[in-house]
Amino acid sequence: RIVSDPSYAQSISEISDLPAVQQQFLSTLGSTVSYVMPVKPTVIAERRMTRRDVVFLLDGSDGTRDSFPAMRDFVQRMVDRLNVSDRRDRVSVVQFSREPEAHFYLNTYTTKESVLNNVRGLRHRGGRPLNTG
């Protein structure tokens, strides 16, 4: 459902817009979660949790060099709110300029700490902007 619905994709034109996108991102993620009211079961059953795949696409072209730390901090704050594991939320980070570079894929890390450690180590790639027009 998410892949085919463009309302789940968010972008900004100015780095100062990140706080607004952060709230929009959290609201969107919250709307994809199903909450279950616990009751005393007579039979023990496995509870199925919502599984989310979250991909961050970061502009790494030369024009974003000064803004890259803010982008990296944004990704860290968002990952910190997720429940990262192989059965729950999976995260990927891709940086692009002229060519895309996957820093890690959805199945690379299965713990929040490992994702955060990799995000902290992200460096601005640089390069000519991609013509996305």
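In what follows, the accompanying structure is described. (Residues numbered from 1 in each chain as written. Predicted model: local features only at pLDDT ≥ 70, side-chain atom pairs only at ≥ 80, totals over all residues. Heavy atoms only, no water.)

**Points about the overall build of the chain**
Point 1. Helix and strand counts for the chain stand at three helices and three strands.
Point 2. Tracing the chain from N to C terminus, the helices and strands come up as α-β-α-β-β-α.
Point 3. In the chain, which comprises 133 residues, the share counted as buried stands at 34%.
Point 4. Surface exposure of the chain reaches about 9200 Å², of which carbon and sulfur atoms provide 50%. (Helix = DSSP H or I, 4+ residues; strand = E, 2+ residues; numbered from the N terminus. Buried < 20%, exposed > 50% of the residue type's maximum accessible area, 1.4 Å probe, protein only. Areas by Shrake-Rupley, 256 points an atom, 1.4 Å probe, with all protein chains shown as cover.)

**Here we look at the side chain of aspartate 89**
Point 1. Mapped onto the elements, aspartate 89 comes out in the loop between helix H2 (68–80) and strand E2 (90–96).
Point 2. For aspartate 89, a relative accessible area of 0% corresponds to the buried category.
Point 3. Within the structure, the side chain of aspartate 89 is placed 2.9 Å from the side chain of arginine 52, a separation counted as a polar contact.
Point 4. Separated by 2.8 Å, the side chain of aspartate 89 and the backbone nitrogen of asparagine 83 make a polar contact.
Point 5. Once you skip the residues sitting within four places of it in the chain, aspartate 89 turns out to touch Thr50, Arg52, Leu82, Asn83 and Val84. (Polar contact = N/O pair within 3.5 Å; in protein donor to acceptor, adjacent residues only side chain to side chain. Contact = heavy atoms within 4.5 Å.)

**Regarding the pattern of salt bridges**
Point 1. Tallying each qualifying case throughout the model produces five salt bridges.
Point 2. Close ionic contact of arginine 52 with aspartate 89 constitutes a salt bridge, the shortest N to O distance being 2.9 Å. Remark: aspartate 89 occurs in the loop between H2 and E2 and arginine 52 occurs in the loop between helix H1 (18–31) and strand E1 (53–59); sequence separation between them is 37 residues. No difference in accessibility class separates arginine 52 from aspartate 89, as the two residues are buried.
Point 3. With a closest N to O distance of 3.7 Å, arginine 65 and aspartate 62 form a salt bridge.
Point 4. Relative accessible area serves as the criterion here: at 45%, aspartate 62 is assigned to the partly exposed category. (Salt bridge = Lys/Arg side-chain N within 4 Å of Asp/Glu carboxyl O.)

**Re the pairing of strand E3 (residues 100–104)**
Point 1. Two strands pair when backbone bridges link them, and E2 and E3 are joined in this way by four bridges, in the antiparallel orientation. Bridge assignment links valine 93 to a residue of E3, and that residue is phenylalanine 104.
Point 2. The hairpin formed by E2 and E3 contains three residues between the paired strands. (Pairing = 2+ DSSP bridges.)

**Some points on the sheet that holds E2**
Point 1. Pairing is mixed across the open sheet formed by three strands, whose spatial order is E1-E2-E3. Looking along the sheet, the strands with just one partner apiece sit at the ends: E1 and E3. Along the sheet, successive strands turn relative to each other by an average axial angle of 25 degrees, direction set aside.
Point 2. Pairing geometry for E1 and E2, over seven bridges, is parallel. Residue pairing across strands places valine 55 opposite serine 92, the latter belonging to E2.
Point 3. Contacting E1 and E2, H2 crosses the sheet at an angle of about 175 degrees to E1.
Point 4. Across the sheet, helix H3 (residues 112–120) lies against E2 and E3, angled at about 135 degrees from E3, the strand it touches most. (Axes fitted to C-alpha atoms, helices over the stretch in contact; angles between N-to-C directions.)

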